[in-house]
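Letter by letter, the chains look like this.
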There are 2 protein chains.
Amino acid sequence: MTEEQLQKEMRRLLEGAHSEELEILLQELQPYDVASLFTELTDPLKEKLIAALDPIMLTDLVEELDNEQQYEVFQRLGPARTVEIMDRMDNDDLAQFLGSLSEEDSFRFLSSMKQSESAAVRQLMNYPPETAGRIMNNRYVWIPQHYTVSEAIAKIRDFAEISEAISYLYVIDSNKKLLGVVSYRDLILAMPEHKINEIMYTRVISVAVDTDQEKVADVIRNYDFLAVPVVDHQDRLVGIVTVDDIIDVVILEANEDIQKLSGSGRDIDFNTRASVAAFRRLPWLVLLLLIGLVSGSIISQFEEVLGKVVALAYFMPMIAGMTGNTGTQSLAVVVRGLINNELTAREVLHLIRRELLVGLIIGLTCGILVTLIAFIWQGSLMLGLVVGLSLILTLIIGTMAGTIIPLLLNKFKVDPAVASGPLITTLNDVLSLFIYFGIASIFLTYLL
Amino acid sequence: MTEEQLQKEMRRLLEGAHSEELEILLQELQPYDVASLFTELTDPLKEKLIAALDPIMLTDLVEELDNEQQYEVFQRLGPARTVEIMDRMDNDDLAQFLGSLSEEDSFRFLSSMKQSESAAVRQLMNYPPETAGRIMNNRYVWIPQHYTVSEAIAKIRDFAEISEAISYLYVIDSNKKLLGVVSYRDLILAMPEHKINEIMYTRVISVAVDTDQEKVADVIRNYDFLAVPVVDHQDRLVGIVTVDDIIDVVILEANEDIQKLSGSGRDIDFNTRASVAAFRRLPWLVLLLLIGLVSGSIISQFEEVLGKVVALAYFMPMIAGMTGNTGTQSLAVVVRGLINNELTAREVLHLIRRELLVGLIIGLTCGILVTLIAFIWQGSLMLGLVVGLSLILTLIIGTMAGTIIPLLLNKFKVDPAVASGPLITTLNDVLSLFIYFGIASIFLTYLL
């Protein structure tokens with residue numbers, strides 16, 4: 001069935017109250033599919049679907065929804081069923097939902113939960129955002145090292161629901177210190193009477209609770225892990241981060257880089273209200289407006305030159321624009337490159353030399369091209385030479401600005417992506433106009 | 001041990017030829033760690049390390065290296081050992097390596113391999129780039145549906161090496177048609193005498209060989225799968241795509257978006273040669289240069305106006321720059337949003353209305369601000385009003401251009417990210433100057 005057919009079928013079953021057929025259909029669907037269908041339903045049908053789901057399925061559905069929709073579902077469910085679902089939800093999903101609420105709402109939800117469950121979530125929410133502690137979950141199974149393979153398998157059976165989405169067992173000592181890891185595959189390959197400490201892998205790679213989520217993503221990516229254990233500062237196992245959460249982290253981090261590079265402000269998506277989006281975008285724009293006026297004041301300094309050779313104004317947008325563009329290009333290469341590379345001093349020098357050479361090649365090509373165009377268009381070789389020479393210099397400097405500024409920020413532990421595309425563009429505007437009119441002033445007598 | 005200590009230790013063991021200690025160290029390391037250490041070694045020590053590795057470890061090492069380093073290792077190994085390693089390598093890794101070579105080199109490598117192995121790789125390389133067929137691998141285990149759980153486990157034991165990194169068994173019929181899937185966890189939870197077709201999950205979600213890799217990533221992300229089976233057009237199982245490869249796809253696609261948004265040209269990283277990088281960046285720059293000159297010719301059309309009110313020139317860079325910046329902001333929001341959303345007509349209208357409102361709010365705020373600044377700076381209220389009114393209009397139009405152009409491209413199945421930031425910026429330059437000088441011309445008599 002296509003998604004559209006599925007939607008039609010779901011509507012038919014809900015409207016006709018064919019509860020048995022509905023149950024069969026629901027059994028066949030993945031939680032993600034149910035969530036996709038749910039969001040497309042009208043309000044009365046949403047009510048009916050929620051009423052038809054058992055607690056396990058409802059929890060699965062809620063976990064797939066975004067925070068706003070989760071809130072909506074909880075409103076529909078009423079307090080008693082909400083608590084039941086929240087007690088069942090994964091810690092990390094619940095912490096994320098609660099983190100999206102006002103402090104008051106979050107407190108209200110938490111205080112209605114079971115003590116043991118709410119304590120675990122509260123702890124999760126105490127870790128700083130974007131760290132391993134905040135994105136880890138407690139869907140893992142641990143065993144002591146003296147267990148045999150068959151005892152381990154029995155424990156997996158007992159925790160069948162928890163162990164659904166994972167692939168490793170963690171071996172700990174009496175202080176919860178992490179000693180080793182065993183994969184489900186290891187269990188299958190081993191004999192039932194084998195001791196766990198004979199088959200476990202002891203050089204376990206783990207991350208600390210306060211490790212940045214980007215570093216956690218690097219570990220999972222580099223080692224091709226399905227999950228990585230999280231330990232506290234006493235090396236005690238406190239959770240795991242799974243690969244499916246890491247994919248979301250990787251996408252989130254890439255989106256953040258794009259938002260910063262484009263100076264578009266954080267957290268604007270298709271659902272953000274216009275006033276909020278405008279408010280988030282304005283700070284950058286006002287800053288850039290002021291810098292843009294600096295460009296204007298440079299022009300006003302050279303009013304005399306401009307008054308004498310008005311044709312100089314024709315090439316202003318091109319020179320300023322090109323310098324901005326080449327700067328943005330270099331910036332993008334450097335910012336994304338820094339994500340995967342820890343640079344040594346030698347590599348930094350190599351990169352700067354490379355970009356200098358790139359600037360030189362680009363500058364010469366575009367400079368010669370524009371000299372010819374300016375000569376043909378305006379009939380003045382001297383004007384052509386002034387424009388061409390300026391472009392060569394500004395492109396080299398623009399490339400360097402787009403390279404060195406993010407490298408410097410990185411050096412001083414500032415996220416290089418804060419040097420947004422618009423900022424580099426606007427700074428390069430100022431620089432390029434200064435160079436252009438400077439050169440024009442020097443050669444003014446030849447231009448007249 | 002920190003990475004630095006590890007490096008020192010590795011150098012000591014290699015230089016001193018402590019082969020037993022070296023072996024113990026190597027056994028403890030993950031392939032990624034060995035590869036990290038390897039790339040930092042001097043050439044003679046690389047030789048020694050390669051000589052010390054057994055074929056399995058060497059294959060693991062080679063699979064972790066990038067294509068250039070793989071080539072280097074194969075040169076050192078000589079033909080005989082190279083073939084041995086290539087026969088052992090995962091299909092997808094090998095296909096990627098061969099794809100990075102010239103046709104001639106690729107043919108030379110392939111023809112030295114075992115017939116059975118090279119045929120499989122050749123087939124993989126026939127699928128179009130960036131499709132499921134190109135990134136899938138053959139590290140999966142399949143079983144017929146009449147197997148019992150214990151027979152299935154026996155098969156996993158037989159294919160222990162292949163089944164290392166995977167978590168599912170695929171159930172197929174005599175035509176290799178995919179019937180169901182069983183996770184290792186299902187096997188552990190089931191009784192040995194259970195039939196596979198009693199415990200298998202039959203609503204298998206699969207992708208076709210020619211599915212775009214971004215769609216494959218969406219499937220794995222949405223369903224939180226560890227792997228997804230790939231089928232041909234007769235629904236026969238031909239491979240699997242695993243989550244670790246998907247993480248790389250997600251990062252690659254995000255980088256591509258950033259490269260396109262910044263107009264920086266494809267495939268430029270820290271190792272790209274300057275001439276190649278310059279060559280890849282030039283096409284955009286030359287195009288933008290020509291469009292930039294259109295801006296210039298607009299100014300030349302309004303030479304008379306500009307000659308009469310030179311102060312108009314001071315606000316040119318600010319107006320052009322701001323319009324470009326707001327356009328880039330909208331562009332980034334839309335391009336990244338389109339990745340996760342299939343938009344309906346209603347949602348498109350909603351988005352356009354939202355961005356129109358954003359443009360209005362931003363335009364009014366910045367317009368009023370700049371009217372005041374222009375009035376104070378130049379002492380002419382009329383000039384201030386002309387500049388302010390122009391900015392309001394250009395910001396609204398710039399926001400709309402940054403929204404509607406990528407939406408139109410998406411509508412016509414063109415990747416919206418080709419509407420790069422520089423292109424939007426430069427187009428907005430042209431538009432904004434036209435509006436600015438147009439308004440100035442209308443109010444010229446009041447400006448004098």
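In this text the structure is predicted, and so the values were computed from the model without any measurement. (Residues numbered from 1 in each chain as written. Chains lettered and ligands numbered in written order. Predicted model: local features only at pLDDT ≥ 70, side-chain atom pairs only at ≥ 80, totals over all residues. Heavy atoms only, no water.)

Counting secondary structure elements, chain A contains 22 helices and six strands. Taking 22 Å as the expected radius of gyration for a compact globule of 448 residues, we find that chain A reaches 30 Å, considerably beyond that expectation. In terms of its C-alpha atoms, chain A occupies a principal-axis envelope of roughly 95 × 60 × 45 Å. Looking at the 448 residues of chain A, the share that counts as buried comes to 54%. Sequence-distant contacts in chain A: of pairs separated by 6 or more residues, those separated by 24 or more amount to 65%. For chain A, the accessible area works out to roughly 20000 Å², and carbon and sulfur atoms hold 56% of it. Within chain A, one finds 35 positive and 59 negative side-chain charges whose respective centroids are separated by 5 Å. (Helix = DSSP H or I, 4+ residues; strand = E, 2+ residues; numbered from the N terminus. Rg over C-alpha atoms; globule rule 2.2 N^0.38 Å. Buried < 20%, exposed > 50% of the residue type's maximum accessible area, 1.4 Å probe, protein only. Contact = heavy atoms within 4.5 Å. Areas by Shrake-Rupley, 256 points an atom, 1.4 Å probe, with all protein chains shown as cover. Lys, Arg positive; Asp, Glu negative; His and termini not counted. Charge placed at Lys NZ, Arg CZ, Asp CG, Glu CD.)

Let us now look at the packing of aromatic side chains. All chains considered together, the criterion is met by 28 aromatic pairs over all chains. Pairing Tyr-436 of chain A with Phe-437 of chain A gives two aromatic rings, centres 5.3 Å apart and planes at 45°, and the pair type is tilted. You can call Tyr-436 of chain A buried: its relative accessible area is 0%. Among the aromatic residues, ring-to-ring pairing joins Tyr-71, Phe-74, Phe-97 and Phe-109 of chain A into one connected group. The side chain of Lys-46 of chain B reaches across the aromatic face of Phe-38 of chain B, ending 5.3 Å from its centre. Directly above the aromatic system of Trp-142 of chain B lies the positively charged group of Lys-155 of chain B, at a separation of 4.0 Å from the ring centroid. (Phe/Tyr/Trp six-rings, centres within 6.5 Å; stacked < 30°, edge-to-face > 60°. Lys NZ or Arg CZ within 6 Å of the ring centre and 35° of its normal.)

Residue and element names in this part refer to chain A. In this structure's numbering, the residues bearing the UniProt feature "transmembrane region" (unreviewed entry) are residues 282-302, 314-335, 356-377, 383-409 and 430-447. Within residues 314-335, the helical portion is 100% and the strand portion 0%, while the C-alpha atoms at the span's ends are 33 Å from each other. The straight-line gap between the two end C-alpha atoms of residues 356-377 is 30 Å; of that span, 100% is helix and 0% is strand. (UniProt positions renumbered as here; feature names shortened; annotations may be inferred.)

Turning to the relation of the copies chain B and chain A, a few remarks are in order. For the pair chain B and chain A, the superposition axis carries a translation of 0.0 Å, the fit reaches an RMSD of 0.1 Å, and the rotation angle comes to 180°. Within this description, the copies of the chain are treated as partners about a two-fold rotation axis. Most of the interface of chain B is mirrored in chain A, where 100% of its interface residues are also at the interface. (Least-squares fit on C-alpha atoms with pLDDT ≥ 70 in both.)

Let us now look at helix H9 (residues 115-126) of chain A. Residues and elements named next belong to chain A. With twelve residues, H9 extends 17 Å from end C-alpha to end C-alpha; this agrees with the ideal 16 Å at 1.5 Å per step. Along H9, the residues that are buried comprise Ser-118, Val-121 and Leu-124. Viewed end-on, H9 has its buried residues packed into an arc of 120°, placing them on one side of the element. Exposed side chains of H9 directed beyond 90 degrees from the buried face belong to Gln-115, Ser-116 and Asn-126. Against the buried residues of H9 lie helix H7 (91-99), helix H8 (103-112) and helix H10 (132-135). (Expected span 1.5 Å × (residues − 1). Arc of directions from axis to C-beta.)

Time to look at the pattern of salt bridges. Between side chains of opposite charge, pairing is possible as soon as their charged atoms come close. All names here are of chain B. Across all of its chains, the model carries 32 salt bridges over all chains by this definition. Asp-43 is paired through a salt bridge with Arg-76; the nearest N and O atoms lie 3.1 Å apart. Taken together, the residues Asp-43 in helix H4 (residues 43-52) and Arg-76 in helix H6 (residues 67-88) connect sequence positions 33 residues apart. (Salt bridge = Lys/Arg side-chain N within 4 Å of Asp/Glu carboxyl O.)

This part takes up the sheet that holds strand E1 (residues 141-144) of chain A. All names here are of chain A. Judged by pairing direction, the sheet is mixed, and its three strands sit side by side in the order E1-E2-E3 without closing on themselves. The open sheet terminates on both sides in strands that have one partner only, identified here as E1 and strand E3 (178-183). The mean inter-strand angle of the sheet, taken between neighbouring strand axes irrespective of direction, is 30°. In this structure, E1 lies alongside strand E2 (residues 168-172), joined through four bridges in parallel fashion. Residue Trp-142 lies in a different strand from E2, and its bridge partner there is Tyr-170. Contacting E1 and E2, helix H11 (residues 149-158) runs over the sheet at an angle of about 150° to E1. (Pairing = 2+ DSSP bridges. Axes fitted to C-alpha atoms, helices over the stretch in contact; angles between N-to-C directions.)

What follows concerns the side chain of Gln-213 of chain B. All names here are of chain B. Here Gln-213 is to be found in helix H14 (residues 213-223). A polar contact of 3.0 Å, which involves the side chain of Gln-213, links it to the side chain of Glu-253. Aside from chain neighbours lying at most four places away, what touches Gln-213 is Glu-130, Thr-131, Ile-135, Val-249, Leu-252 and Glu-253. (Polar contact = N/O pair within 3.5 Å; in protein donor to acceptor, adjacent residues only side chain to side chain.)

Quite often, the size of an interface is put as the accessible area lost when its parts meet. Taken together, the contact between chain B and chain A spans 113 residues of the former and 113 residues of the latter. Here chain B meets chain A over a buried area of about 9700 Å², counting both sides, of which 70% is carbon and sulfur. Ranking the residues of chain B by area buried against chain A places Ile-188, Phe-270 and Arg-281 of chain B at the top, with a combined share of 9%. Across the contact surface, chain B and chain A share six salt bridges. (Buried area = accessible area lost by both parts, 1.4 Å probe.)

We now examine a negative patch on the surface. There is a patch of like negative charges on the surface, built from Glu-3, Glu-4 and Glu-40 of chain A together with Glu-347 of chain B. Relative to the assigned elements, Glu-3 of chain A resides in helix H1 (residues 3-15). (Patch = residues over 30% accessible without salt bridge, like charges linked within 9 Å, V, L, I, M, F, W, Y side chains within 5 Å.)

Turning next to a nonpolar patch on the surface. Residues and elements named next belong to chain A. Together, Leu-357, Leu-360, Ile-361, Leu-364, Ile-368, Leu-372, Phe-375, Ile-376, Leu-381 and Leu-385 line one region of the surface with nonpolar side chains, adding up to about 920 Å² of accessible area. Mapped by element, the contributors of at least two residues to the nonpolar patch are helix H19 (345-378) and helix H20 (381-411). Sorting elements by how many residues they give to the nonpolar patch places H19 first, with eight residues.

Residue and element names in this part refer to chain A. Buried residues dominate E3, accounting for five of its six residues. Summarising the sheet, E2 and E3 pair through five bridges and their orientation is antiparallel. Across the sheet, Val-171 pairs through a bridge with Gly-180, a residue of E3. Adjacent in sequence and paired antiparallel, E2 and E3 are bridged by five residues, among which Lys-176 carries a positive phi angle near 65°.

It is worth spelling out the UniProt feature "domain: CBS" (unreviewed entry) in chain A at this point. Annotation from UniProt places "domain: CBS" (unreviewed entry) at residues 136-199 and 200-258 of chain A. For residues 200-258 of chain A, the end-to-end C-alpha separation is 42 Å, with 46% helix and 22% strand making up the annotated structure.

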